[in-house]
Amino acid sequence: MALVSLLVQKFGGTSVGDAERIRAVADHIMRTRRDGHQVVAVVSAMGKSTDDLLRLANEVSSTQPPRELDMLLTTGERISMALLCMALADLGIPAASFTGSQAGIMTSDEHTKAKITEIRPDRLFEALDQGFVPVVAGFQGMSADRNITTLGRGGSDVTAVALAAALKADACEIYTDVTGVYTADPRVVPSARKLPRVGFDEMLEMAATGGRVLMLRSVEFARNHHVPLHVRSSFTWEPGTWIVEEEPSMEYAVVTAVTHDTSEAKITVTAVPDRPGVAAHLFRAVAEAGINVDMIVQNTAENGMTDISFTVPKVDLRSAVAICETLAGELGAASVSYDDTMARISLIGAGMKTHPGVTAKMFEVLAELGINLEMISTSSIRISCVVREDVVEHAMRALHAAFDLDRAS
Ligand code: ADP
Ligand code: ASP
Ligand code: MG
């Protein structure tokens with residue numbers, strides 16, 4: 001390892017949740033520097049303050065122009081960055097705060113879900129050269145037409161990984177309120193175990209299916225740019241979980257983790273004429289509104305008619321339903337309905353590829369609990385089922401035990 005290494009350390013909302021936590025983070029940065037590392041810090045908004053800002057916007061406005069919403073939401077991270085710099089100054093550590101735009105984070109212009117297009121990190125390099133700790137506001141950037149943008153919920157993870165790639169950091173450390181990536185959300189499954197290492201393929205599937213400890217795009221970015229990623233706790237500071245490149249020689253667990261996701265809703269377009277081009281037309285319109293479609297099920301056609309069901313993020317439900325209703329006439333569909341009380345439960349494991357029978361066992365466990373499966377989808381290393389939201393936690397614990405993931409007691 002080089003004598004002086006560079007670490008990007010990202011601190012999530014709970015990690016900077018109050019004055020005491022902010023001082024603890026400053027103390028940790030000081031110790032990291034003492035150990036001979038340079039540090040760039042990335043901070044989230046304090047505690048649940050992004051939710052509070054969203055609530056305020058809802059109270060004030062029913063239109064919420066996206067440009068203004070982004071301007072509002074970025075303030076949360078600005079508070080944390082300034083306070084952390086003050087706490088560092090008290091410890092005698094020179095630190096300087098940077099908004100996303102000051103840190104050179106350029107994005108697309110899709111407000112509230114912008115993508116990073118380029119990073120111009122010269123100001124951060126200058127600050128590092130002068131011995132400062134740059135503290136960057138996560139979750140935000142600036143579009144080509146110089147509007148302030150945000151990167152989507154959980155987006156500080158992307159800021160951190162993207163900065164680590166741009167600065168060629170030795171590692172990106174994601175400090176959060178759990179000690180690493182677990183076999184299931186430890187808040188739902190108390191017997192879940194911490195995984196010392198998780199492969200990128202599995203981590204991508206976990207992040208895509210509700211394992212919100214890392215935002216999906218941060219995992220994609222880390223894989224594409226070979227950023228060593230370490231998820232760990234800002235409460236215990238113990239070593240956490242490394243996200244690593246899979247090695248062909250590794251033997252994989254059949255099931256590594258169980259995830260759940262209650263952030264999606266199902267839309268059903270009934271009695272659509274079963275002819276080529278209908279699905280293309282429908283999903284093109286949804287995609288053009290910037291809405292991500294996840295699971296899709298088309299029923300067998302009867303009398304030349306078929307039903308199409310698909311899931312979208314709950315936050316996009318209203319606009320997706322409106323698009324479908326507008327198109328229903330054109331497509332000749334009978335009706336559009338939706339369900340926002342569903343949840344998705346998934347099993348993930350790279351060893352699934354070579355072990356048949358995981359699907360059958362998953363269905364058996366759920367059947368024994370009397371749980372009905374409303375939609376099913378699979379990839380080579382994942383099986384997902386849509387179930388009623390009120391049974392998902394019970395199902396998680398049962399699957400976790402059935403696939404021998406429980407901590408040995
Ligand atoms: P931060 O504010 O630090 O970004 P998040 O709330 O976004 O924190 O992510 C951490 C949370 O992710 C944990 O508190 C935990 O409840 C949840 N989580 C969901 N699935 C997992 C998992 N498989 N392993 C660890 N944490 C998980
Ligand atoms: N504060 C933002 C959010 O709550 C970004 C983040 O925490 O990563 O989504
Ligand atoms: Mg997060």
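Look above for the structure.
In this report, the structure presented in the accompanying data block is examined. (Residues numbered from 1 in each chain as written. Chains lettered and ligands numbered in written order. Predicted model: local features only at pLDDT ≥ 70, side-chain atom pairs only at ≥ 80, totals over all residues. Heavy atoms only, no water.)

Here we come to the site of ligand 1. What surrounds ligand 1 is a group of 17 residues, the closest being Thr176, Asp177, Tyr182, Asp185 and Arg187. One of the side-chain nitrogen or oxygen atoms of lysine 10 is found 3.1 Å away from an oxygen atom of ligand 1. Separating an oxygen atom of ligand 1 from a side-chain N or O atom of aspartate 185 is a distance of 2.8 Å. Across the complex, the protein chains shield 90% of the 570 Å² of accessible surface that ligand 1 would expose by itself. Its residues assigned to classes, the shell around ligand 1 comprises seven nonpolar, five polar and five charged. (Near = heavy atom within 4 Å. Polar contact = N/O pair within 3.5 Å; in protein donor to acceptor, adjacent residues only side chain to side chain. Areas by Shrake-Rupley, 256 points an atom, 1.4 Å probe, with all protein chains shown as cover. Nonpolar A, V, L, I, M, F, W, Y, C, P; charged D, E, K, R; others polar.)

On to the site of ligand 2. Contacts to ligand 2 come from Ser44, Ala45, Thr50, Glu77, Phe139, Arg153, Gly154, Gly155 and Ser156. Serine 44 has a polar side-chain atom sitting 3.1 Å from an oxygen atom of ligand 2. Coverage of ligand 2 by the protein amounts to 86% of the 260 Å² it exposes when considered alone. Classifying every residue of the shell around ligand 2 by side-chain character gives two nonpolar, five polar and two charged.

The next subject is the packing of aromatic side chains. Two measures describe an aromatic ring pair: the distance that separates the ring centres and the angle between the ring planes. According to the stated counting rule, one finds three aromatic pairs in the structure shown. Ring pairing ties together the aromatic residues Phe11, Tyr175 and Trp237, which thus form one cluster. When the ring centre of phenylalanine 403 is taken as reference, the NZ or CZ atom of lysine 361 above it lies at 4.7 Å. (Phe/Tyr/Trp six-rings, centres within 6.5 Å; stacked < 30°, edge-to-face > 60°. Lys NZ or Arg CZ within 6 Å of the ring centre and 35° of its normal.)

Our next topic: the environment of glutamate 245. Within the fold, glutamate 245 resides in the loop between strand S12 (241–244) and strand S13 (257–261). For the pair glutamate 245 and arginine 223, spaced 22 residues apart in sequence, the C-alpha to C-alpha distance is 7.7 Å. When sequence neighbours within four positions are dropped, the list of residues in contact with glutamate 245 reads Phe200, Arg223 and His226. (Helix = DSSP H or I, 4+ residues; strand = E, 2+ residues; numbered from the N terminus. Contact = heavy atoms within 4.5 Å.)

On to the nonpolar core. Ranked by internal contacts, the top residues of the largest apolar core, which has 45 residues, are Val8, Val136, Cys172 and Ile243. When residues in this core are grouped by element, the largest group, seven residues, is from helix H5 (residues 156–166). The residues touching valine 8, leaving out its near neighbours within four places in the chain, are Val40, Val42, Ala160, Leu163, Ala164, Leu167, Ala169, Ala171, Cys172 and Glu173. Within the second largest apolar cluster, 26 residues are counted, among which are Val189, Val387, Ala395 and Leu405. (Core = buried A, V, L, I, M, F, W, Y, C linked by side-chain atoms within 4.5 Å. Buried < 20%, exposed > 50% of the residue type's maximum accessible area, 1.4 Å probe, protein only.)

Read these as layout, nothing more, since geometry by itself doesn't imply function.
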